[in-house]
Structures are given as structure tokens and as C-alpha cells.
Amino acid sequence: RNMFADCDRSSIGIQRAAFNATISDSLFVQVGDQHIDMEPTSVGQTGRLTMSNLVLLGGRQGQLHVTITGNGDSAIDVFLSNSMLVGRGLGIFQTRGAKLTNNYIEGTGASQPGLVYIQKASELVLISGNTIKRIGTAAGPALKAIMHNSGMPGRVIIESNHIESATDGNLIDLESVQDVTVASNELVFMGPTPGVFAGVKARATERDLEGLLVTGNRA
């Protein structure tokens, strides 16, 4: 078992051309940046990263415990399962084949990003069996997927999650995405302004939103 405490920057940084790594059975407490940070400093694909049985707590900078991202080339096949993230959220950027399964994610988020935040050309993303709770007072969504420049999230499945928010904001917010399925989720709004925000809000801004399926959810 690993323990990372009071690190000045990230506890674990994944740089360019890094493949076939496993991070498991670890405790992360109060780092200065992301606990686990995929931040390639130049082009060069990364991927085949498996993270499991982690506990990530606190943090002094930014809104994300974990960033899953490529730079130029998409990161591929990055998995996070059976882990607990408390205090901040998780971001998926420019990634092909990300899976978040059976995690507990609780945090304050920020006014724009979601507690789970999907951006750029991220595709083949599976978010399944997680508990996602947005707490605190800062308004915003629990889960957000949004295009950035020309990159659109696509082929995303959000299924069988418990998604809950104690702040004002849509529970699932989709903006200019394509081929997204939202199925069999339990959606609970506990914010101070009921009757205004949506369980699932979908809209187009810079480009059309295409191929949305919403089925079997409970609110």
C-alpha cells in the first residue's frame, strides 16, 4: 500500500509515451495539485492505465483530484474503479476509452465544471455504477460533458449511477455532444432552488448536439 501526503505538486504524474501502468491500494491526502495527473508535456500518446482501490482526500489547488488527458494524441484505455474521491472531482479530456466504474465521488466542484467533467474529443467513455454527490454552495452541474474548440465528446454512456446534488445546477449537463446514452440513473436534486434545474439538460452551442438517448432514469 502507498501513501502520499502533503505533496507540493501532484502525487503521481503520467507523462508522454507512458503505457501499461497500474496504480492500486493507495491513500492520497492533501496535495498541492492533482493527486493523479496525466499532463503530457509534449506530443506522444499515453494510455493503458488502470487505477483501483484508491482513497483521495482533500487538496489545496484546483477542482480535480484526477485528470485523464492526452495532448495532441488522445490518451487511450484509462480505467478508474472501486475508489473514493472526497473533496474534489475528476476530469476526462482528449481520451479514447475511459471507464469510471463503482466509485464514490463527492466534492464541491466549481461554478462551471462538473464534479465529473468530460471535455474535448473524448470518446468511448463509460461512467457506470458510481455514486456522484455534489456538495457545498457553489452552483453548477454534478456531471458535465462539453465540446472545446473542434473537439466533441462522443459515444459516451452514463448508466446505473446515483447522481445527487445539494447545489443549484443541472444534475447532468450536456452541451454540443454526440451519441450520448443516459440510462437507468437515479437522479436526486437537493439544491436550494427546486423546480428550475433539470435532471438531464441537453443543448447545442457551437455545434449541433446529435444522437442523444435518455431512458429508464429515476428522479
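Refer to the structure printed above.
Throughout this description, residue numbers start from 1 for each chain and increase along the sequence as written. Where totals are concerned, whole chains, interfaces and linings use all residues; where local detail is concerned, this predicted model gives features only for residues with pLDDT of at least 70, and gives and counts side-chain atom pairs only at 80 or more. Excluding hydrogens and water, the side-chain figures rest on all heavy atoms present in the structure.

With that settled, the discussion passes to the overall build of the chain. Segments assigned H or I by DSSP are reported as helices when at least four residues long, segments assigned E as strands when at least two residues long, and all are numbered from the N terminus. When you go through the chain residue by residue, the secondary structure sums to zero helices and 22 strands. Taking 17 Å as the expected radius of gyration for a compact globule of 219 residues, we find that the chain reaches 16 Å, a close match to that expectation. Summarising its shape, the C-alpha atoms of the chain cover approximately 45 × 35 × 25 Å along the three principal directions. Burial status across the chain gives 48% buried among its 219 residues. Look at the contacts in the chain between residues 6 or more apart in sequence, and 73% of them connect residues 24 or more apart. Only the protein chains shown count as cover for residues, and all accessible areas are computed by the Shrake-Rupley method using a 1.4 Å probe. Here the chain has roughly 9,400 Å² of accessible surface; of this, 47% comes from carbon and sulfur atoms. Note that His is not counted, nor are the chain ends; the positive residues are Lys and Arg, and the negative ones are Asp and Glu. Taken as the charge location is NZ of Lys, CZ of Arg, CG of Asp or CD of Glu. Once the 17 positive and 20 negative side-chain charges of the chain are each reduced to a mean point, those two points are 2 Å apart. Here the radius of gyration uses the C-alpha set of atoms, whereas the globule reference equals 2.2 Å times the residue count to the power 0.38. For the exposure calls, accessible area comes from a 1.4 Å probe over protein chains only, and a residue counts as buried if that area is under 20% of its type's maximum, exposed if over 50%, partly exposed in between. In what follows, a contact means two residues having at least one pair of non-hydrogen atoms within 4.5 Å.

Strand order in the open sheet formed by eight strands is β2-β4-β6-β9-β12-β15-β18-β21, and the pairing between neighbours is parallel. Sheet topology places β2 (12–14) and β21 (200–203) at the edges, where each strand pairs with a single neighbour. Within this sheet the neighbouring strands show an average axis-to-axis angle of 10°, counted without direction. The pairing criterion for strands is at least two bridges between them, as found by DSSP. In this structure, strand β4 (residues 36–38) lies alongside strand β6 (residues 64–69), joined through two bridges in parallel fashion. From the neighbouring strand, D37 faces β6, where its bridge partner is T67. Each axis is a line fitted through C-alpha atoms, and for a helix only the stretch in contact is used; angles between axes span 0 to 180 degrees, taken between their N-to-C directions.

A negative phi angle is the norm for most residues apart from glycine, just as the trans form is the norm for most peptide bonds. In this structure, N82 takes a positive phi of about 50° despite not being glycine. Following the sequence through the fold, N82 ends up in the loop between β7 (75–81) and β8 (84–87). Here the phi dihedral of S184 falls at roughly 60°; this positive angle occurs in a residue that is not glycine. Note that S184 resides in the loop between β19 (178–183) and β20 (186–189).

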